[in-house]
Amino acid sequence: MATLLHITTQAEWDAARAAGSYRPASLAREGFIHASTAAQVVATANAFFRGRGDLVLLCIDPAKVDAEIRYEHPPAGDPRAAETFPHIFGPLPPGAVVAVLPLPYDAARGFVLPDLTFSM
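This structure is a prediction, so every number in the text was calculated from the model and none was measured. (Residues numbered from 1 in each chain as written. Predicted model: local features only at pLDDT ≥ 70, side-chain atom pairs only at ≥ 80, totals over all residues. Heavy atoms only, no water.)

## Here's the deal with the sheet that holds strand S6 (residues 97–102)
At step 1: Reading across from one edge, S1-S3-S6 is the order of the three strands in this open sheet, with antiparallel pairing throughout. Two strands in the sheet have a free side with no partner beyond their single neighbour: strand S1 (4–9) and S6. Shown here is a sheet whose adjacent strand axes are inclined to one another by a mean of 25°, direction ignored.
At step 2: Examined bridge by bridge, strand S3 (residues 55–60) and S6 share five bridges and lie antiparallel to one another. Residue pairing across strands places Val56 opposite Pro102, the latter belonging to S6.
At step 3: Those strands touched by helix H1 (residues 10–19) are S1, S3 and S6, and its axis lies near 105° from that of S1. (Pairing = 2+ DSSP bridges. Helix = DSSP H or I, 4+ residues; strand = E, 2+ residues; numbered from the N terminus. Axes fitted to C-alpha atoms, helices over the stretch in contact; angles between N-to-C directions. Contact = heavy atoms within 4.5 Å.)

Here's what the structure looks like:
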């Protein structure tokens, strides 16, 4: 399975590592952690985080995730409803994150996908 990507801030990730697991608000609110594929993450960032310059991508090895991962459609009415997105149904162990990369924002172009070439 390909690397999954999750958008967060460095501060949230640092706190999660200190706590021993990553549990964003969506896990409590919706029961899962939102993730994207490399092909989806820029559109997701532009749709939900436009203008933010403090974001990072957690690069997740799905083989190291203990929780169930399901590919599901967004709710009806979401313009991306034809696609399926990976959802992680439990906390994310820090060991499943193989890289943390800055997610650069360019005012003219929006978010820019960083180089995802790294060793798993």
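Continuing now.
## Things to note about the environment of Gly51
At step 1: As for its position among the elements, Gly51 is in the loop between helix H3 (41–48) and S3.
At step 2: When the C-alpha positions of Gly51 and Phe111 are compared, they lie 8.4 Å apart, and in sequence the two are 60 residues distant.
At step 3: Not counting the four nearest positions on each side in its chain, Gly51 is found in contact with Tyr105 and Phe111.

## Topic: the nonpolar core
At step 1: If you look at the biggest cluster of nonpolar residues, it comprises 16 residues, and the most contacted ones within it are Tyr22, Leu58, Ile60, Val65, Ile88 and Leu92.
At step 2: Every element with two or more residues in this core is listed here: H1 and S3.
At step 3: The contacts of Leu58, once residues within four sequence positions are left out, are Leu4, Leu5, His6, Thr8, Trp13, Tyr22, Leu92, Val97, Ala99 and Val100.
At step 4: Leu5, Ala45, Leu101 and Leu103 belong to the second-largest nonpolar core, a separate cluster that totals eleven residues. (Core = buried A, V, L, I, M, F, W, Y, C linked by side-chain atoms within 4.5 Å. Buried < 20%, exposed > 50% of the residue type's maximum accessible area, 1.4 Å probe, protein only.)

## Looking at the packing of aromatic side chains
At step 1: The full count for this structure, using the stated rule, is three aromatic pairs.
At step 2: Look at Trp13 and Tyr22: their rings are 6.1 Å apart centre to centre, the planes differ by 65°, and that puts the pair in the edge-to-face class. By the burial criterion, Trp13 is buried, and Tyr22 matches it.
At step 3: Where Tyr105 meets Phe111, the ring centres are 4.9 Å apart and the plane angle is 65°; that geometry is what we call edge-to-face.
At step 4: Exposure remark for Tyr105: the relative accessible area of 27% places this residue in the partly exposed category.
At step 5: Positioned above the aromatic ring of Phe89, the side-chain terminus of Arg70 is 3.9 Å from the ring centre. (Phe/Tyr/Trp six-rings, centres within 6.5 Å; stacked < 30°, edge-to-face > 60°. Lys NZ or Arg CZ within 6 Å of the ring centre and 35° of its normal.)

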